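Here is how the chains run, residue by residue.
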Amino acid sequence: VGSALLQAVEREAESQGRGVAVVARPEGDFMPADFYRRLGYQVADRREGEVLLTKSRQPLPAPRFLPVGYHPQAPLRRVGVDYFHCPQCPLSGWALAQLERELKLRGDAVRLEVHDTGERPEVERWGLAGAVYVDGVPLRAWPPQPEAILAQVDEELQARRLGAKRIPVVAG
């Protein structure tokens with residue numbers, strides 16, 4: 001079903017003199033890059049945890065990822081969760097609802113900021129359509145997994161209770 005749907009998109013794009021670009025994941029089962037590579041898509045750009053792939057029958061300029069415009073704040077008294085939510089993604093909406101419910105149980109110790117990326121200007125502003133950061137550290141799993149986000153939040157809360165100064169390690 002996925003291949004047939006993608007072929008229909010490719011035919012429509014070709015009829016308009018365009019190509020197709022997809023954002024895929026180099027690992028995992030969600031939007032796997034290998035699926036698109038097997039269908040003839042070429043890597044146009046990469047950034048941590050994402051691959052931009054394209055396919056076109058005519059030469060077109062290769063697209064690039066937008067620069068990330070999000071600059072995390074230094075950890076404050078409260079644990080900060082920045083959730084970049086695209087309303088067109090049902091999994092993101094489900095995860096956000098779960099997260100909001102669970103974070104209420106943690107009271108004022110956690111700050112949740114939701115960035116709605118449902119409109120193009122917001123995606124261009126942030127350079128992100130879907131992402132989650134806990135105290136400025138990106139979580140790599142997509143679609144977002146509430147359990148993983150909450151585990152990171154709880155780890156940060158515990159470190160603060162113990163007075164530990166945790167230095168986030170960002171894989172790169």
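Residues numbered from 1 in each chain as written. Predicted model: local features only at pLDDT ≥ 70, side-chain atom pairs only at ≥ 80, totals over all residues. Heavy atoms only, no water.

Caption draft 1: Structural context of the layout of surface pockets. The calculated volume of the largest pocket comes to roughly 1200 Å³. Lining of the largest pocket is provided by 45 residues; of these, Val23, Arg47, Glu50, Leu52 and Phe65 occupy positions nearest its centre. Among the secondary structure elements, those contributing two or more residues to the lining of the largest pocket are β1 (20-24), β2 (42-47), β3 (50-55), α3 (90-104) and β6 (131-134). When its residues are assigned to classes, the lining of the largest pocket shows 29 nonpolar, nine polar and seven charged. (1 Å grid on protein atoms, 1.4 Å probe; cavity = no way out; pocket = protein on both sides within 12 Å on 5 of 7 lines; lining within 4 Å. Points joined across faces, edges and corners; volume = space filled by probe spheres on them. Helix = DSSP H or I, 4+ residues; strand = E, 2+ residues; numbered from the N terminus. Nonpolar A, V, L, I, M, F, W, Y, C, P; charged D, E, K, R; others polar.)

Caption draft 2: The arrangement of the packing of α3 against helix α5 (residues 146-161) in detail. The N-to-C vectors of α3 and α5 enclose an angle of 35°; their axes lie 9 Å apart at closest approach. As α3 runs across α5, the sense of the crossing is right-handed. Contact residues: α3 offers Trp94, Ala95, Gln98, Leu99, Glu102 and Leu103, while α5 offers Pro146, Ile149, Leu150 and Val153. For the contact of α3 with α5, a count of residues per class yields eight nonpolar, one polar and one charged. (Axes fitted to C-alpha atoms, helices over the stretch in contact; angles between N-to-C directions. Left-handed = near helix turned anticlockwise from the far one by under 90°. Contact = heavy atoms within 4.5 Å.)

Caption draft 3: Inspection of the pattern of salt bridges at higher detail. A full pass over the atoms with the stated rule returns twelve salt bridges. Across the pair Asp82 and Arg111 runs a salt bridge, and its minimum N-O distance is 3.5 Å. Of this pair, Asp82 sits in strand β4 (residues 79-85) while Arg111 sits in strand β5 (residues 110-116), and the two are 29 residues apart along the sequence. For Arg111, the salt bridge goes to Glu113, with nearest N and O atoms at 3.4 Å. According to the relative accessible area criterion, Glu113 is partly exposed, its value standing at 37%. Each of Arg25, Arg47 and Glu50 takes part in one network of salt bridges that share partners. (Salt bridge = Lys/Arg side-chain N within 4 Å of Asp/Glu carboxyl O. Buried < 20%, exposed > 50% of the residue type's maximum accessible area, 1.4 Å probe, protein only.)

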